[in-house]
Amino acid sequence: MTAQTPGARGRVAIAVNPTAGKGRARALGVRTGELLLAAGFDVLDVTSESAAEAADRSASAVASGIEALVVVGGDGMVNLGVNACAGTDTPLGIVAAGTGNDIAGSLGLPVHDIPAAVAVIAGGTVRPIDAARRVDPAGQLGPGDGPQWFAGVLCGGFDAVVNERANGWAWPRGKMRYNLAIARELPLFKPLKYEIELDGELWITEAMLVALGNGPSYGGGMHITPDADYDDGLLDVLVVGPISVFALLKVFPKVFKGAHTSHPAVTIKRARRVRLNTDGIVAYADGERFGPLPMELEVVPRSLRVLVPADA
């Protein structure tokens, strides 16, 4: 069921990663704010030099009763917005302007087109979608435990190791840093033993890569869980079993078209609640550091409201 978008002169908050793109994101944020003002909105800037402070200010703005939270950037900024808006009635507006815009792209939102993105915020509709959250045995974790929610894909294997390695380097920037991290980690990485519990059913296996998809893609166009659906109330759990480096390099290019799922080493299962456990892995979700395994996650159906084109 859809709902009306913020009306003229409604109050929206805007959050930008000011350090992204060598300061380019800040200028994009200014342009977004100008267009929102021109559309008749009252704009509250909750941007901060600190990601933690920006997250706190965004959550406070949502709690104050704003009409929408608008994030400007890539999937990392979307994750900030998801953590502020999930489980509330406040819709999330996305101005996709980052290196990786997988969530925006998979929802049919404009990418690298600020006027079009603002037009969606001003004249689109609200689409409720599923989001996934970390839980503990007693329920949802507390606010001091880091990111709680993700909307796209959580990685908990070789891809997470690459993220952790790349994030430890200040140089180079962008995708080249991740390419170098892959080259650094791939010859060293060995299959890990996993305990994966799917809706109470334990699956013990060895794997190179494990990804939990609420959405279909990550990493700037890699369709890792190509059939994941934002509306089905399930996570697609993809596991790549033991495979040689040569075979992995051979199958890897297929991920950009989602054609890797036919490889015999690839298994996909679906569950609403997943417990993931192995040694030495820090999970990443929506491109952001999410926390060390073990971890338990669950889908909360229709818990996130996203502004999308009216004809979507």
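Scroll up for the structure.
Not measured: the values here are computed from a predicted model.

Visitor: I keep staring at the packing of helix α1 (residues 24-38) against helix α5 (residues 114-123) and nothing clicks. Help me out?
Guide: Any two packed helices are characterised by how steeply their axes cross, that is the angle between the axes, and by the distance between the axes. The contact between α1 and α5 brings their axes to 10 Å, and the two run at 45°. Judged by the inter-axis angle, α1 sits oblique to α5. Crossing handedness for the pair α1 and α5: right-handed. Residues L28, R31, T32, L35 and L36 of α1 lie in contact with α5, whose contacting residues are I114, P115, V118 and I121. When the residues that make up the contact of α1 with α5 are grouped by side-chain class, the tally is seven nonpolar, one polar and one charged.

Visitor: Mind showing me how you'd approach helix α6 (residues 158-167) here?
Guide: Helical periodicity: at 3.6 residues per turn, an α-helix aligns residues three or four positions apart in one direction. Across the 10 residues that make up α6, a large majority, seven, are buried. Taken as a whole, α6 has its buried residues at F158, D159, A160, V161, V162, N163 and A166.

Visitor: What's the story with the pairing of strand β14 (residues 273-277) in this structure? I'm lost.
Guide: For a regular strand, the rule is simple: side chains alternate between the two faces of the sheet. Here four bridges tie strand β9 (residues 192-198) to β14, and the two strands are oriented antiparallel to one another. If you follow I196 over to β14, its bridge partner there is L276. Looking at chain direction, β14 and strand β17 (residues 295-308) are connected through four bridges and run antiparallel. Residue pairing in the sheet places V274 in a bridge with L297 of β17.

Visitor: Where do I start with the packing of aromatic side chains in this structure?
Guide: Aromatic ring pairs are described here by two measures, namely the spacing of the ring centres and the angle between the planes. Under the defined criterion, the tally for this structure stands at two aromatic pairs. For the pair F150 and F290, a centre-to-centre distance of 5.9 Å together with 90° between the ring planes defines the contact as edge-to-face. With F150 in strand β7 (residues 149-150) and F290 in strand β16 (residues 288-292), the pair connects residues that are 140 residues apart, well separated along the chain. Note on accessibility: F150 and F290 belong to one class, buried. Summarising the aromatic geometry, the rings of F252 and F256 are spaced 6.1 Å apart at their centres and angled 85° between planes, so their arrangement reads as edge-to-face. Here F252 falls in the partly exposed class, since its relative accessible area comes to 37%. Note that K269 overlies the ring of W203, its terminal NZ or CZ placed 4.0 Å from the centroid.

Rules behind the numbers
- Along each chain, residues carry numbers from 1 onward, in the same order as the chain's sequence is written.
- In keeping with the predicted nature of the model, local features appear solely for residues at pLDDT of at least 70, side-chain atom pairs appear and are counted solely at 80 or more, and the whole-chain, interface and lining totals rest on all residues.
- As a rule here, side-chain values cover all heavy atoms of the structure and leave hydrogens and water aside.
- Axes here mean lines fitted to C-alpha atoms, for a helix over just the part in contact, with angles spanning 0 to 180 degrees between N-to-C directions.
- Under the DSSP-based scheme used, a helix requires at least four consecutive residues in state H or I and a strand at least two consecutive residues in state E, with every element numbered from the N terminus.
- An angle below 35 degrees is treated as roughly parallel, one above 145 as roughly antiparallel, one from 65 to 115 as roughly perpendicular, and anything else as oblique.
- Helix crossings are classified by the rotation of the near helix relative to the far one: an anticlockwise turn of less than a right angle makes the crossing left-handed, while a clockwise turn makes it right-handed.
- Contact between two residues is taken to exist if any of their heavy atoms lie within 4.5 Å; hydrogens are not considered.
- The nonpolar class holds Ala, Val, Leu, Ile, Met, Phe, Trp, Tyr, Cys and Pro. Asp, Glu, Lys and Arg form the charged class, and all remaining residues, Gly among them, are polar.
- Only protein chains enter the area calculation, which uses a 1.4 Å probe; residues under 20% of their type maximum are buried, those over 50% are exposed, and those in between are partly exposed.
- Each pair of strands is called paired provided DSSP finds at least two bridges between the two strands.
- Only the six-membered ring of Trp is used, alongside the rings of Phe and Tyr, when aromatic pairs are assigned; centres must lie within 6.5 Å, and planes under 30 degrees apart are stacked while those over 60 apart are edge-to-face, with the rest tilted.
- Here, over-ring charges are defined by two tests on the NZ atom of lysine or the CZ atom of arginine: distance to the ring centre within 6 Å, and angle to the ring normal within 35 degrees.

Distances and angles like these do not, on their own, reveal function.
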